[in-house]
Amino acid sequence: MGNDQHSNEEKKHKDGKQVIPKRHYKRKRRAFFHNEEREKRVQKEREAKEREKEREAKLAKNNEERVKDNLRKARIEKLTQEEIQHQKQKAHENQEDDSPSETLHSVPSENKKDKSEFDTANQPKQRDEDKKEAAVGGVAGIQSEKASKKEVDNSMEKDNKEKEKSKSDTKEKEAVAEKPSHQNDKHDTPSTHTPNKTDTRNHSGVSEFLRRNWAKIAVVIGAIILVLLLFAIFHNLQDRDNGSSGQVSSFNGSGDKKQTAMMKAAKETTHSVVTVENKDSNKGSVEKEAPKSDGEIGSGVVYKKVGDSIFILTNAHVVGDKANQNILYDDKQKTNGKVIGKDKYSDIAVVKAEVDKDSKVKPIAIGDSNQLQLAEPIITVGNPLGADFKGSVSSGIISGLNRNVPVDIDKDGSYDNLTKAFQIDAPVNPGNSGGAVVDQNGKLIGIVSLKIDMQAVEGMAFAIPVNHALDLAKQLEKHGHIDYPNTGVQISNVSDLDDGERHQMKLPDSVEQGAVVRAVKDNSIAEKAGLKSDDVIVELGGTKIEDSLRYRQIIFEHKDDKKSLSAKIYRNGKLKDINIKLK
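Residues numbered from 1 in each chain as written. Predicted model: local features only at pLDDT ≥ 70, side-chain atom pairs only at ≥ 80, totals over all residues. Heavy atoms only, no water.

What to know about a negative patch on the surface
Thinking step 1. A surface patch of negative charge is lined by D308, E354, D356 and D358.
Thinking step 2. Classification of E354 by relative accessible area gives partly exposed; the value is 43%. (Patch = residues over 30% accessible without salt bridge, like charges linked within 9 Å, V, L, I, M, F, W, Y side chains within 5 Å. Areas by Shrake-Rupley, 256 points an atom, 1.4 Å probe, with all protein chains shown as cover. Salt bridge = Lys/Arg side-chain N within 4 Å of Asp/Glu carboxyl O. Lys, Arg positive; Asp, Glu negative; His and termini not counted. Charge placed at Lys NZ, Arg CZ, Asp CG, Glu CD. Buried < 20%, exposed > 50% of the residue type's maximum accessible area, 1.4 Å probe, protein only.)

Here it is in structure tokens:
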């Protein structure tokens, strides 16, 4: 039976299913299995011990280097002290040779010689003791550094204190060695030798202080120089900025006051802004823009002066429907102004008035609104609430370009036109309409026109670009009005159509914006172009048409050239191309 079992085990061994016979391990089988967790733990412990040994070896090596360095410094200091003592002894010997009385100097020289011999004899012993102390300190440093870094620092501090103590002892010995010679020297008074000894000690103390703290002193000096350089650079840049911005000095009775370019621009602009008062009309393009009074009060900008006549740019909603206006200028001087032209669609009007010859009113400098930049600093100058607050200045930035703002001109609850303007965040109050928007160089870049007056909305005002305003002003001076093309169509918006109307027009579901032709006038531009009722205009002059206001704006933009415009329309669900000739 036993043989059979042994043969079975041998068979298993040959088949490779069981490498170690069971009789060899029996209940100790677990010892032959691999335990990865234990192996990892053992490996980590082994690596930690090796790292600890390397760290201790490194610390020991560093400590040995420090001990050697301390011994080397101690030797150098000892040799330096011996050299100083030797030089002093030589100096005293020279003084004895030069002295006329050899008898008086013989005793101190012998004493000094004895003392020097005593010191010379004691020097090797002292040196050996110092070496032993340094070696003991080094060994203690090595042991303490193995224990902790804090104890190493304490041992180094102790070595430094002992070194300083040995230096002080050496100085005291030198003082003792010099004292007999000074006391027995009858040719020199005590007042002569005391300052020399004090100066020597002070000099050595200063030298020692500089030698120990030279690095800290260098850092402090470097920091001071850096601060001075930064201050100088900042001061020069500030002066340069002030100089480039055109700072000038003024005197207001309380002392010299420097003016920035923006301050100067505001001061100059106040001489070009007047008050326009219309007591017979209360119309305005912005709700709640006008104050509660008998008429509209606004501002105007003098853009041209011919002789005693000034030409004023203002808003059409400020002058209203009256041909004459009250113009207030300078210190509440009043004159009559005549409206020579206005345009309700652009909200621009031109008023002409006569002023005194000695008036301070002058035309404003004109800028270029085609060069406006987003976030560019600006100021507005106007007369909020009338002449009582004439010349009020507000500051802000350009917060938006190329805005299309819908305006209700006739106050019937529906928008009549899109005003092209740029957005500003400067405060605009009733009476600021028609005022000046100037850049930081004091040049006119826009005319304040309107603002959004709604709850929870702040800092959203709009100005008409000066290039567009002056172009309209020239036409108003010449003709008194602006001729706009009229295509002769009645239009509405695609967004207002219901499902039944869209189905009747066979308008695709993808068309969500556009202008719907409701009626076409006979012999009109639209009829000649082939437009019919229920046509939907989706593109005009290469520009997408969102609604009827956008259609009218594009037509009005071509008031001068009146060229033919290509258009895309939907008719009976099909897209077609047509040309609209504005002439």
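Focus: the layout of surface pockets
Thinking step 1. Taken as a whole, the second largest pocket encloses approximately 800 Å³ of empty space.
Thinking step 2. Lining the second largest pocket we find 31 residues, and of these K344, Y345, I409, D416 and R552 sit closest to its centre.
Thinking step 3. If you list the elements that add at least two residues to the lining of the second largest pocket, you get α8 (316–319), β15 (489–493) and α12 (548–557).
Thinking step 4. A total of six residues in the lining of the second largest pocket trace back to one element, the largest contributor, which is α12.
Thinking step 5. Looking at the lining of the second largest pocket residue by residue, the classes come out as 12 nonpolar, nine polar and 10 charged. (1 Å grid on protein atoms, 1.4 Å probe; cavity = no way out; pocket = protein on both sides within 12 Å on 5 of 7 lines; lining within 4 Å. Points joined across faces, edges and corners; volume = space filled by probe spheres on them. Helix = DSSP H or I, 4+ residues; strand = E, 2+ residues; numbered from the N terminus. Nonpolar A, V, L, I, M, F, W, Y, C, P; charged D, E, K, R; others polar.)

Considerations on the pattern of salt bridges
Opposite charge on two side chains makes pairing possible when the charged atoms of those side chains draw close.
Thinking step 1. A complete count under the given rule lists 12 salt bridges for this structure.
Thinking step 2. In this structure, the salt-bridge partner of R55 is E52, at a minimum N-O distance of 2.9 Å. Of this pair, R55 and E52 both sit in helix α3 (residues 36–98), three residues apart, which is roughly one turn of that helix.
Thinking step 3. When its relative accessible area of 40% is taken as the criterion, R55 is described as partly exposed.
Thinking step 4. For K568, the salt bridge goes to D577, with nearest N and O atoms at 3.2 Å.
Thinking step 5. With a relative accessible area of 56%, D577 lands in the exposed category.

Description of the nonpolar core
Thinking step 1. Within the largest apolar cluster, 44 residues are counted, with the highest numbers of intra-cluster contacts made by L313, L531, I537, L540, Y551 and I580.
Thinking step 2. Examining the composition of this core, we find that six residues originate from one element, helix α9 (residues 466–479), more than from any other.
Thinking step 3. Every residue in contact with I580, bar those within four places of it in the chain, is listed here: T487, I525, A529, L531, L540, K563, S564, L565 and A567.
Thinking step 4. In terms of nonpolar packing, the next biggest core, distinct from the first, is built from 15 residues, V274, I310, I327 and A353 among them. (Core = buried A, V, L, I, M, F, W, Y, C linked by side-chain atoms within 4.5 Å. Contact = heavy atoms within 4.5 Å.)

Here's the deal with the sheet that holds strand β12 (residues 436–439)
Thinking step 1. Spatial strand order, β9-β10-β11-β14-β13-β12: six strands in a closed barrel with antiparallel pairing. For this sheet the average axis-to-axis angle between neighbouring strands, irrespective of direction, equals 50°.
Thinking step 2. Here three bridges tie β12 to strand β13 (residues 444–451), and the two strands are oriented antiparallel to one another. Residue pairing in the sheet places A436 in a bridge with I447 of β13.
Thinking step 3. With respect to the sheet, helix α7 (residues 261–269) is in contact with β9 (377–382), β10 (392–407) and β12, its orientation differing from that of β9 by roughly 25°.
Thinking step 4. Those strands touched by α12 are β10 and β11 (417–424), and its axis lies near 85° from that of β11. (Pairing = 2+ DSSP bridges. Axes fitted to C-alpha atoms, helices over the stretch in contact; angles between N-to-C directions.)

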